[in-house]
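# Notes for the structure review
Read off the chains here:
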Amino acid sequence: MRTHSPTPQKSTTRALASSLNHAASDVYQGFIHTTQNSLALLGTVAAVALLVFGMRADLRASAEERLLSWLLQRQEAQQMVERDVEVEPTAIDRVTVANLRDLTEQQAKVTQWLSRKYRVAPEPVGALVAEAYLIGERSRLDPTLLLAVMAIESRFNPFAQSPVGAQGLMQVLTRVHTDKYEDFGGELAAFDPLSNLRVGARVLSDAVKRAGSLEGGLRLYVGAVTTDGSWYINRVMAEHLRIQRVAQGKPLKHFDAPPPARAIPVNAPAPSNEVEAEVRPTVAPPSTAIPS
């Protein structure tokens, strides 16, 4: 009986294994050789670069600046990924605030008093007080009167809006005075505190000139077309007197309230372009006395 010998098959396997070993060895040696050459080349390039930068201070400074800029950009990008809210370092530029140390003594007294009474931060109130004094000097309106109007109209809320559409600190009817907001970028400037104050002061000044008296101007400003507006005038004037006394450093206790506003005849409704704020109920407030 004839048997097949496994010898030829084993020889083929050994030959294949030997070939694979040689191929792997060649790849390994080639990798080592390439790596050594690459490192040598990088070392040469680095040496040349160091030599050049050592001799050229301007090139070294430029390279350092670019490297630092790249590192900072990488750091900022990483921080942006880690944060849930996008940062805006320049946001403070659009905030309406004032450093209280920059105010006059009189303005600082008024700011602190208004801040405590109306529970608003002194820094934004300080900016409004300073602006009221500046506008008052230009328009010949008492700055404490402007502050009193803001206090009664909005309690220093720059985003206030009445049911009839009077907006902002001074509660000016934006739709009626659109033209006055053009100088400030458009109607949305009604919600910018300083822009609203400037437009409101202009409207009040025009109303006073038109009426010929402060009381008549306040009546036109509030849009009292069916009453004499005494309920509004008395409130504004009482607050005006309080703020004025604070500015003068006088005590607020035990002094008389301003006399009631004199009656202003109502012959006809005021023109629509004179109506500034919501027409309030004709019922007078419980008392115009100034609390101690």
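Just so you know, these numbers come straight off a predicted model, no measurement behind them. (Residues numbered from 1 in each chain as written. Predicted model: local features only at pLDDT ≥ 70, side-chain atom pairs only at ≥ 80, totals over all residues. Heavy atoms only, no water.)

### Observations concerning the overall build of the protein chain
The cut-off we apply is this: The way it works is that DSSP assigns letters per residue, a run of H or I at least four long becomes a helix, a run of E at least two long becomes a strand, and they are numbered from the N terminus. Values of accessible area rely on a 1.4 Å probe in the Shrake-Rupley scheme; residue burial ignores everything except the protein chains shown.
When helices and strands are tallied, the protein chain shows nine helices and two strands. Each helix and strand of the protein chain, placed in order from N terminus to C terminus, yields the pattern α-α-α-α-α-β-β-α-α-α-α. Entry remark: accessible area of the protein chain is about 18,800 Å², with carbon and sulfur atoms responsible for 56%.

### Notes on unusual backbone geometry
Counted only if it meets this: Exposure categories follow from relative accessible area, calculated using a 1.4 Å probe and restricted to protein chains: below 20% of the type maximum is buried, above 50% is exposed, and the middle band is partly exposed.
Phi angles above zero are rare outside glycine, and R119 is one such case at about 55 degrees. Take R119: it is sitting in the loop between α3 (105–118) and α4 (122–139). Judged by relative accessible area, R119 falls into the exposed class, the value being 79%. Notably, F156 is not glycine yet its phi reads approximately 65 degrees, a positive angle. Tracing the backbone shows F156 in the loop between α5 (143–154) and β1 (166–167).

### Observations concerning a nonpolar patch on the surface
Selection criterion: Patches were defined on residues exceeding 30% relative accessible area and lacking a salt bridge, with like-charge contacts within 9 Å and nonpolar side-chain contacts (Val, Leu, Ile, Met, Phe, Trp, Tyr) within 5 Å. Salt bridges are identified by distance alone: a Lys or Arg side-chain nitrogen within 4 Å of an Asp or Glu carboxyl oxygen.
Together, L67, W70 and L71 line one region of the surface with nonpolar side chains, adding up to about 320 Å² of accessible area. Topologically, W70 is positioned in helix α2 (residues 57–82). When its relative accessible area of 46% is taken as the criterion, W70 is described as partly exposed.

### Some remarks on the side chain of T96
Our working rule: Contact between two residues is taken to exist if any of their heavy atoms lie within 4.5 Å; hydrogens are not considered.
Its location among the elements puts T96 in the loop between α2 and α3. Not counting residues up to four positions away in its chain, the partners in contact with T96 are P124, A127, D192, P193 and L194.

### A look at the packing of aromatic side chains
Spelled out, the test is: Pairs were defined over the aromatic rings of Phe, Tyr and Trp, the Trp ring being its six-membered one, requiring ring centres within 6.5 Å. Orientation was assigned from the angle between planes: stacked under 30 degrees, edge-to-face over 60, tilted for the rest.
Enumeration according to the criterion identifies two aromatic pairs in this entry. With a centroid separation of 5.3 Å and 65 degrees between ring planes, the pair formed by Y118 and F156 is classed as edge-to-face. Here F156 lies in the loop between α5 and β1 and Y118 lies in helix α3, a separation of 38 residues in the sequence. With respect to class, Y118 is no different from F156; both count as buried. When the centroid spacing of 6.0 Å and the interplanar angle of 70 degrees are considered together, the rings of W231 and Y232 count as edge-to-face.

### Some remarks on the packing of α3 against helix α9 (residues 230–247)
The line we're drawing: Axis definition: a line fitted to C-alpha atoms, limited for helices to the stretch in contact. Angles are taken between N-to-C directions and run from 0 to 180 degrees. Here is the rule for angles: anything less than 35 degrees is roughly parallel, anything more than 145 is roughly antiparallel, 65 through 115 is roughly perpendicular, and the remaining ranges are oblique. By convention, the crossing between two helices is left-handed when the near helix turns anticlockwise from the far helix through less than a right angle, and right-handed when the turn is clockwise.
Relative orientation of the contacting elements α3 and α9 amounts to 130 degrees, with a least axis distance of 8 Å. Between α3 and α9, the angle is such that the two are oblique. The interaxial crossing formed by α3 with α9 has right-handed handedness. When α3 is examined against α9, the residues Q106, K109, V110, W113, L114, K117 and Y118 are found in contact with a partner set consisting of E239, R242, I243, V246 and A247.

### Remarks on the confidence of the model for the protein chain
Operational definition: Each residue carries a pLDDT score, the predictor's confidence in it, ranging from 0 to 100.
The predicted model of the protein chain averages 81 in pLDDT, with 77% of residues at 70 or higher. Across residues 263–275 the pLDDT falls below 50, and counting only partners more than four positions away or on other chains, this stretch makes 26 contacts in the model. Across residues 277–292, where pLDDT falls below 50, the model places 41 contacts with residues more than four positions away in sequence or in other chains.

### So, the nonpolar core
Put simply, the test is: Residues belong to a common nonpolar core when they are buried Ala, Val, Leu, Ile, Met, Phe, Trp, Tyr or Cys residues joined through side-chain atoms within 4.5 Å.
Membership of the largest hydrophobic core comes to 45 residues, with the highest contact counts inside it found for V110, L114, L147, L204 and Y232. Those elements that provide at least two residues to this core are α3, α4, α5, α7 (193–211), α8 (214–222) and α9. When neighbours within four sequence positions are excluded, V110 is seen to be in contact with V129, Y133, L147, I243, V246 and A247.

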